[in-house]
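# Understanding the architecture of this molecule
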Amino acid sequence: MATYVRCGELFTGAEDRERRSQTLAIDDAGRLTYVGATDGAPVPGRGDSVLDYGEYFVMPGLQDVHTHLAYGNAKTEEDIDLYQPMEFRAIRALFFAQKCIAAGYTSICAPGDAGQISLSVRNAINYGLFDGPRVTAAGRYLTTRQGLTDWYPTWIGVPDTSIGRLVTSRDEAIEEIRVQAKNGVDCIKVALDGVQRRPDGELIAAFTQEETSAIVTEAHRLGRKVVVHARGREATLYAARAGVDLVFHAYYLDDECIDALLRSGSAIGPTLTFPRNIVEFTRPTEPAWLKGRIGDVQREYETACENLRRAREAGIPMMTGTDSGFAVTPYGEWHAREIEIFVDDLGFTPAAALRAATAVTAGFMASATLVGVLQPGRAADFIAVQGSPLNDVAILQDKTRIRHVHIAGKRVSVPPRGYDPRQVTDLAWTNWNDLYTQERVGELGIKPGRRRLAVRDSEM
Ligand SMILES: [Zn+2]
């Protein structure tokens, strides 16, 4: 039995314009057998089904290359690493993966998660146990002393339940890659930024060039792609010279980095939604504000946009991702904001941004040859949108406009179920207060009194 989809407008991901009066034909296996004018389309037979999406804009399912399934909308590093058992985190990850698909994201890459959480979610979905997006899974980040994810003091180390795996030598890195490959990851994630800076302020890479190259060579030898976290210039340069497939952030790249990235053919996943949300959403009572981070993040955002525009103009492919999984980027909420940022701040046309979020980003996914573009032989992963994102990409953030989501031809619908974040994530010990010296209390105009303390409403 075949399925025929009549599309009002069709954006295939392979070209910049929409086409009108088009039909998709899909076989039993969920593959497209025809993409073209309804006039010339094969005629549905008995038992075939026909879906009338004549009032919708049909396009490839959206792709987010940077969604951490195990983080659980974390507010702290401890939320990410410690407070929920691994088994709960895996179940929670599956629940949240479904939030992504409800937002029109048919493929996500989970680049760095504790244990084997994302590959277990991937398998459960691939085996048909649950509906969900196609997941491209990494294991734990390879990190080293002072690398991102080695965030506790040396006397604590990196606990087994962390998203990072501390490797302290080249041989340990190679060993970890082989373990992860045996476990079945699709890609290897490397924490390439350190947390130390040189006197001039430049971020120092966590691994050396030689170590980075050895890591990438071994991962590629085992048929795995490599994605690195690299905000800094040095880490971006090492990554490019080593031939990684994808660099996240690359905010401080310079001309030397651009040349190296062009030579290696690496893509950049800017992930600007995360800093943008931090700047716009943080309230004055929150730690990021109180610690004076908002100005820093805003300055970094502006520098990043300037540098990344140059990288785009130089022809470096850009992939869409959001760092969803933090409290400021909850699953299923802001994925499509990255597309809007590509248009507003990186100079993409709406069509180029949509192609970035589909065809280009699909290039990193495990099912790269199957998804991202609607053409015969590919999987029928598509969404039906009310309104044209070519006129306004922002409408993709309106979940009520994502009318239908299909994966391999099958319509997926996830019941809209809410959750209480205090139950599913917030177990970190951030229970108490800021510092209240007598001076500070005086400044705030608080008058500690001798009268009997009345219980305030909020405490009852
Ligand atoms: Zn990330």
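All of the points below concern the structure found in this document. Everything numeric here is computed off the predicted structure, so don't read it as measured data.

Let's shift gears to the pairing of strand 3 (residues 32-37). Bridge count for strand 2 (residues 19-26) against strand 3 is five bridges, and the pairing is antiparallel. Following the sheet pairing, Gln-22 is matched in strand 3 by Ala-37. Linking strand 2 back to strand 3 in an antiparallel pair, the connection comprises five residues, with Gly-30 at a positive phi of about 85°.

Let's shift gears to the nonpolar core. Met-59, Leu-69, Val-228, Ile-268, Leu-272, Ile-339 and Leu-396 are the most contacted members of the largest nonpolar core, which totals 99 residues. At seven residues, the largest contribution of residues to this core is made by helix 10 (residues 293-314). The next biggest cluster of nonpolar side chains, apart from the first, holds 15 residues, and it includes Cys-7, Leu-32, Leu-51 and Ala-384.

Another aspect to go through is the environment of Gln-98. Structurally, Gln-98 can be placed in helix 2 (residues 86-102). Residues Gln-98 and Ser-413, 315 residues apart in the sequence, show an inter-C-alpha distance of 9.0 Å.

What follows concerns the packing of helix 11 (residues 337-346) against helix 12 (residues 350-362). Two quantities define a packed helix pair, namely the angle between the axes and the distance from one axis to the other. One way to put it is that helix 11 packs onto helix 12 with a least axis distance of 9 Å and a crossing angle of 140°. With respect to helix 12, the axis of helix 11 lies oblique. The chirality of how helix 11 crosses helix 12 is right-handed. For the pair helix 11 and helix 12, contact is made by Ile-339, Phe-342 and Val-343 and by Pro-350, Ala-353, Leu-354, Ala-356 and Ala-357, respectively. A per-class count over the contact of helix 11 with helix 12 returns eight nonpolar, no polar and no charged.

The strand order across the open sheet formed by seven strands is 3-2-1-4-16-17-18, and the pairing between neighbours is mixed. Both edges of this open sheet fall to strand 3 and strand 18 (410-412), since each of them pairs with a single strand only. The mean angle between the axes of side-by-side strands here comes to 35°, regardless of whether they run parallel or antiparallel.

Turning our attention to the pattern of salt bridges. Where side chains of opposite charge bring their charged atoms close, a pairing between them can arise. Following the criterion strictly, the structure yields 29 salt bridges and no others. For Glu-333, the salt bridge is made with Lys-399, and the minimal N-O distance between the two is 3.0 Å. Pair noted here: Glu-333 is in the loop between helix 10 and helix 11 and Lys-399 is in the loop between strand 16 (382-385) and strand 17 (402-407), with a separation of 66 residues, a long-range link. For Glu-333, a relative accessible area of 36% translates into the label partly exposed. Given the relative accessible area of 37%, Lys-399 is considered partly exposed. In this structure, a network of salt bridges that share partners links the residues Arg-198, Glu-202, Arg-233, Glu-234, Arg-241, Asp-254 and Glu-256.

The next thing to look at is the packing of aromatic side chains. Counted by the stated rule, this structure contains ten aromatic pairs. Seen from their ring centres, Phe-11 and Phe-57 are 6.3 Å apart, and the 25° between their planes marks the pair as stacked. Here Phe-11 is found in the loop between strand 1 (3-10) and strand 2, whereas its partner Phe-57 is found in strand 4 (residues 49-60), with 46 residues between them in sequence. Taking the centre distance of 5.2 Å and the plane angle of 45° together, the rings of Phe-281 and Trp-334 count as tilted. You can see Phe-281 sitting in helix 8 (residues 273-281) and its partner Trp-334 sitting in the loop between helix 10 and helix 11, a full 53 residues away along the chain. For Phe-281, a relative accessible area of 29% gives the class partly exposed. An aromatic cluster is defined as three or more aromatic residues linked by ring pairs; in this entry it consists of Phe-95, Phe-96, Tyr-331 and Tyr-419.

Turning our attention to the coordination of the zinc ion. Around the zinc ion, the donor atoms from the protein are His-66 (NE2), His-68 (NE2) and Asp-323 (OD), and they sit 2.0 to 2.2 Å away. Expressed as a motif, the donor residue spacing for the zinc ion is H-x1-H-x254-D. In this pair, His-68 sits in the loop between strand 5 (62-64) and helix 1 (77-81) while Asp-323 sits in the loop between helix 10 and helix 11, placing the two residues 255 residues apart along the sequence. The same class applies to His-68 and to Asp-323, which are both buried.

Between its terminal C-alpha atoms helix 10 stretches 31 Å, which fits the 32 Å expected from 22 residues at 1.5 Å a residue. Buried within helix 10 are the following residues: Ile-294, Val-297, Glu-300, Tyr-301, Ala-304, Cys-305, Asn-307, Leu-308 and Ala-311. Positive backbone phi, at 100°, marks Gly-315, one or two positions downstream of helix 10.

Cut-off values and rules
Residues numbered from 1 in each chain as written. Predicted model: local features only at pLDDT ≥ 70, side-chain atom pairs only at ≥ 80, totals over all residues. Heavy atoms only, no water. Pairing = 2+ DSSP bridges. Helix = DSSP H or I, 4+ residues; strand = E, 2+ residues; numbered from the N terminus. Core = buried A, V, L, I, M, F, W, Y, C linked by side-chain atoms within 4.5 Å. Buried < 20%, exposed > 50% of the residue type's maximum accessible area, 1.4 Å probe, protein only. Axes fitted to C-alpha atoms, helices over the stretch in contact; angles between N-to-C directions. Parallel < 35°, antiparallel > 145°, perpendicular 65-115°, else oblique. Left-handed = near helix turned anticlockwise from the far one by under 90°. Contact = heavy atoms within 4.5 Å. Nonpolar A, V, L, I, M, F, W, Y, C, P; charged D, E, K, R; others polar. Salt bridge = Lys/Arg side-chain N within 4 Å of Asp/Glu carboxyl O. Phe/Tyr/Trp six-rings, centres within 6.5 Å; stacked < 30°, edge-to-face > 60°. Donors = N, O, S within 2.8 Å, 3.2 Å for Na, K, Ca; no water. Expected span 1.5 Å × (residues − 1).

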